[in-house]
Amino acid sequence: MRRAIVVTAILAMFGAVALGALIGPDLWAGYQFMKVVDQQTTAYEANGGAWPQLQDTCALCHGQNGQAANAHYPSLAGLSASYIENQLHAFAEGRRPNPQMQPLAKSLSDEQIRMLAAYYERQSPAANDPLSANASLDPLGQTVVETRGCATCHGGQFQGSPMAPRLAGQGEYYLVDQLQAFKASVRQDPTQAMNGIASTLSEAEIQAAASYLASLTPADSPAQ
Amino acid sequence: MKTEKDKQPLRARRRLLLQALGGGALVGGLALTGSANAKAALSGSTRPRQADSDVLDVAIIGAGLSGLTSARDLQRAGCESFVVLEARERVGGRTYNHELGNGVVSEAGGQWIGPGQTAIADLARQLEVGTFDQYYQGKTVYLAGDARYAEASASGGASVSHDIARKLNEMARSVPGEAPWTAPNAAELDNITLGEWLNQQGVTTEDKIGLNMSTTLTFGAPPASLSLLHYLSIINTSDCSLEQLEGIKDGAQETRFVGGSQILCTKMAEHLGGKLKLSCPVREIVGWDQDVVELHTDQGIIRARQIIAALNPALCNQIRFTPALPSGRAGLQDRWPAHAPMRKTVHVYARPFWRDQGMNGQVVQTQGPIIWSYDNSPPDGSVGIISAFIKPGQLSHNPAEAERVLSDLYARALGEEARHPTQFHDHDWGKVDPWSLTCIHPIPPGFWTQWGEFLRPAAGRLIWSGTETADIWPGAMDGAVRSGHRAAFQALQALTENRRTTG
């Protein structure tokens, strides 16, 4: 690494492309490497400000730019800022129990919460990797989602709204966990709507609905 | 309700008096006849103290390195009236061995020791557990997007610019590792993140890559979330040397245990017999301010005179306390950070082929699932093992998919042979069970100066233990052993003190 940056400086001085072949594969690799790192850094700073960003911590579990590749963790990309703010305050005040998120949210200032919420609202959601998502052929999931009126709050394409989170392309196991938590009243929806709906769902319906929603491609437009 | 509780101390005191008499005889008997006979006396039909026979001297919560060290010390001191309560169906806490067959293991949790970590080194010698060097010779591979760059580093681990390290080491001298909140300029240092401080110094692109990786691994979060005061306190505990803290050669990642780190706990547990209760989580602690404390577990109520809570504070916070804990300790537990990522994977190969090509098996990705991979092969190199610290949310939960994504990255970094591992293992501690919650504590700004003083002082009969409470190497396996020794002393002293005042 230390050599890589020295090499980059040297190459920049003499004109990189011509020199690459002369200097040898190692140095050329170093130059190429630093070039990609610079591109990554530029994109990173344009999206979220100077290094290091607070959201670097969130990215470990919630994915790069808020898009998790692991269905156990929720993707934050494209969730409305008001929803994220509400959840962080709910964690901090103990209204939404979670042993990892509660202390983390407590450590954030209101300003940091607003900044994180705005950042994740800006990120574009992506579809889950079809290999990772349990693309279910079972029609039960779609039936559950349609008959329970999920679209009323979560949007016609389940892309989310200021009051309710995006469900399309959300992590499957995360959705299962949340529906079970609503059902058991471990998680409380302030309006009790989710507790009411979840309490009527069987375990099979919860699994099927989560699987269906996880397999949907999120709409391009961020939540509004 | 209140009147019922008020009766408890009286009953308890009567029992304590009887115990004081019986206990003296028991310890005397143990010295004369050896622990085997003492054990027989305890479990035999001729129980000397029927009235209080169900009240133990000590109950230890947690069968990790800390709790089992305490148990071992109690036994060595002649105390046989104790129990170790473990929530999981296994011992080891945050140490856990994947068994790979033919006696080969790969550690899913804590695994290294280094210079100055003498408490755990001594314990290993006493338990006849051998050690060997972490393999680091050769080049580390860095991946950024499609670009690959390989370079050897002197100490084998993460490194930062000499100037930055020198400044940090110098500042760490005035931040006591055991009590950072007592540093002369604690308020100032606790008011700023490591990231903010680094930006004031000016850091290079390569430093940023190294610091993102090393602080996430060693401190549990990237630089923007860490208190500078906390960062300095951990450098202080590492002999005021960031190089020693982060390095392999002459550093805290230098040495591994033959048979894997969990073997220390397995060996300590062998001597406990029926005193170890597995699958026995403690849900509520009642009467911690009384002479006899009740632990409500999934296997019924355990009553004891002293409790050693060998758990991290975030886990303590999952237990219900009746009455409520003092506000300082309650506030500390409630805010104790528990979000450090801890997912590790294992790729097993027929042999450590990367060594032949001058590589050390270490892969660092600037963006992507791999934080850091390393050579975790057994001492004889009979099979090749690449273990990696993974960003939990950035790699599929699906084992086949996770294996393939990582194999592809290893193939690019280490060569085509990496594409076909013979085994793959994945352990995300945050999702496997609720009994660790976090590996290390990424302390944010403002925490130590407000809550630090409440970390160690006992609350009634509750003695706080676990690596987080260690005076040297808090957070490390060595700290766990140290805290275990200290907690055992504290429990024995409290018992003596109480018997003196009641007897």
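Model, not experiment: these values are computed from the prediction.

The rules behind these values
- Residues numbered from 1 in each chain as written.
- Chains lettered and ligands numbered in written order.
- Predicted model: local features only at pLDDT ≥ 70, side-chain atom pairs only at ≥ 80, totals over all residues.
- Heavy atoms only, no water.
- Helix = DSSP H or I, 4+ residues; strand = E, 2+ residues; numbered from the N terminus.
- Buried < 20%, exposed > 50% of the residue type's maximum accessible area, 1.4 Å probe, protein only.
- Contact = heavy atoms within 4.5 Å.
- Areas by Shrake-Rupley, 256 points an atom, 1.4 Å probe, with all protein chains shown as cover.
- 1 Å grid on protein atoms, 1.4 Å probe; cavity = no way out; pocket = protein on both sides within 12 Å on 5 of 7 lines; lining within 4 Å.
- Points joined across faces, edges and corners; volume = space filled by probe spheres on them.
- Nonpolar A, V, L, I, M, F, W, Y, C, P; charged D, E, K, R; others polar.
- Domains from an automatic or database assignment.
- Core = buried A, V, L, I, M, F, W, Y, C linked by side-chain atoms within 4.5 Å.
- Buried area = accessible area lost by both parts, 1.4 Å probe.
- Salt bridge = Lys/Arg side-chain N within 4 Å of Asp/Glu carboxyl O.
- Polar contact = N/O pair within 3.5 Å; in protein donor to acceptor, adjacent residues only side chain to side chain.
- Phe/Tyr/Trp six-rings, centres within 6.5 Å; stacked < 30°, edge-to-face > 60°.
- Lys NZ or Arg CZ within 6 Å of the ring centre and 35° of its normal.
- Axes fitted to C-alpha atoms, helices over the stretch in contact; angles between N-to-C directions.
- Parallel < 35°, antiparallel > 145°, perpendicular 65-115°, else oblique.
- Pairing = 2+ DSSP bridges.

Bringing the overall build of chain A into the picture now. Counting secondary structure elements, chain A contains 12 helices and 0 strands. The order of α-helices and β-strands along chain A, N terminus first, is α-α-α-α-α-α-α-α-α-α-α-α. Burial statistics for chain A: of 224 residues in total, 50% are counted as buried. Considering only residue pairs separated by 6 or more positions, chain A has 63% of its internal contacts joining residues 24 or more positions apart. Total accessible area on chain A stands at roughly 10,400 Å², and carbon and sulfur atoms take up 60% of it.

A water-sized probe rolled over the atoms picks out the places where empty space is left. Residues and elements named next belong to chain B. Applying the stated criterion across every chain yields a total of 1 cavity of 30 Å³ or more. Space inside the largest cavity adds up to approximately 70 Å³. Lining of the largest cavity is provided by 14 residues; of these, G177, W448, R456, E468 and P474 occupy positions nearest its centre. Among the residues forming the lining of the largest cavity, the class breakdown is 7 nonpolar, 4 polar and 3 charged. When residues of the lining of the largest cavity are assigned to domains, at least three fall in each of domain 1 (4-92 + 262-325 + 459-502) and domain 3 (160-246).

What follows is about the nonpolar core. All names here are of chain B. Of all hydrophobic cores here, the largest spans 66 residues; its most connected members are L168, Y231, I285, L295 and L462. Among the elements that take part in this core, helix α8 (residues 228-237) stands out by supplying 6 residues, more than any other. Shared between two domains, this core holds at least three residues of each, these being domain 1 (4-92 + 262-325 + 459-502) and domain 3 (160-246). In contact with L168, other than residues within four places in its own chain, are W197, L228, Y231, L232, I235 and L242. Grouped together as the second largest cluster of nonpolar side chains are 35 residues, F257, M268, A310 and A488 included.

This part covers the interface of chain B and chain A. Counting from both sides, the interface comprises 53 residues of chain B and, opposite them, 43 residues of chain A. In total, chain B and chain A occlude about 4,300 Å² of area from one another, counting both sides; carbon and sulfur atoms represent 58% of this. At the junction of chain B and chain A, the tally comes to 2 salt bridges. Measuring nitrogen to oxygen at the nearest pair gives 3.2 Å for the salt bridge that ties K139 of chain B to D26 of chain A. Across the chain B-chain A interface, the total number found is 13 residue pairs in polar contact (both at pLDDT 80 or more). If you list the elements that add at least two residues to the side of chain B that touches chain A, you get β6 (139-144), β7 (147-152), α6 (194-201), α7 (205-219) and α12 (327-335) of chain B. At 8 residues, α7 of chain B tops the list of elements feeding residues into the side of chain B that touches chain A. Each residue belonging to the side of chain B that touches chain A can be placed in one class, and the counts come to 22 nonpolar, 18 polar and 13 charged.

Before going further, it helps to spend a moment on the pattern of salt bridges. Throughout the structure, instances matching the rule amount to 27 salt bridges over all chains. Here the salt bridges do not stand alone but share partners, grouping E401, R404, D408, E416 and R419 of chain B into one network.

This brings us to the packing of aromatic side chains. Where two aromatic rings form a pair, the distance of their centres and the angle of their planes describe that pair. Residues and elements named next belong to chain B. In this structure the tally under the stated criterion is 20 aromatic pairs over all chains. Taking 5.1 Å as the distance between ring centres and 25° as the angle between the ring planes, the aromatic pair formed by W372 and Y374 counts as stacked. Overall, Y374 belongs to the buried group, its relative accessible area being 0%. When the ring of F447 is compared with that of W448, the centres are 5.6 Å apart and the planes differ by 70°; the resulting orientation is edge-to-face. For F447, a relative accessible area of 4% corresponds to the buried category. Connected via pairs of aromatic rings, a cluster forms that spans W112, W372, Y374 and F389. Seen from the ring of F82, K275 lies directly overhead, with NZ or CZ sitting 5.6 Å from the centre. The positively charged end of R355 is found above the aromatic ring belonging to Y135, 3.8 Å away from the centroid.

Residues and elements named next belong to chain B. Look at helix α3 (residues 118-126) against helix α17 (residues 477-502): their axes get within 7 Å of each other, and the N-to-C directions meet at 80°. One way to sum up the angle between α3 and α17 is to call them roughly perpendicular. Side by side, α3 and α17 meet where T118, A119, I120 and L123 of the first sit next to M477, D478, V481 and R482 of the second.

With that settled, the discussion passes to the pairing of strand β15 (residues 359-365) of chain B. All names here are of chain B. Among the 7 residues that make up β15, 7 are buried, leaving the element largely enclosed by the rest of the structure. The sheet contact formed by β6 and β15 spans 4 bridges and is parallel. Within β15, the residue paired with V141 across the bridge is V363.

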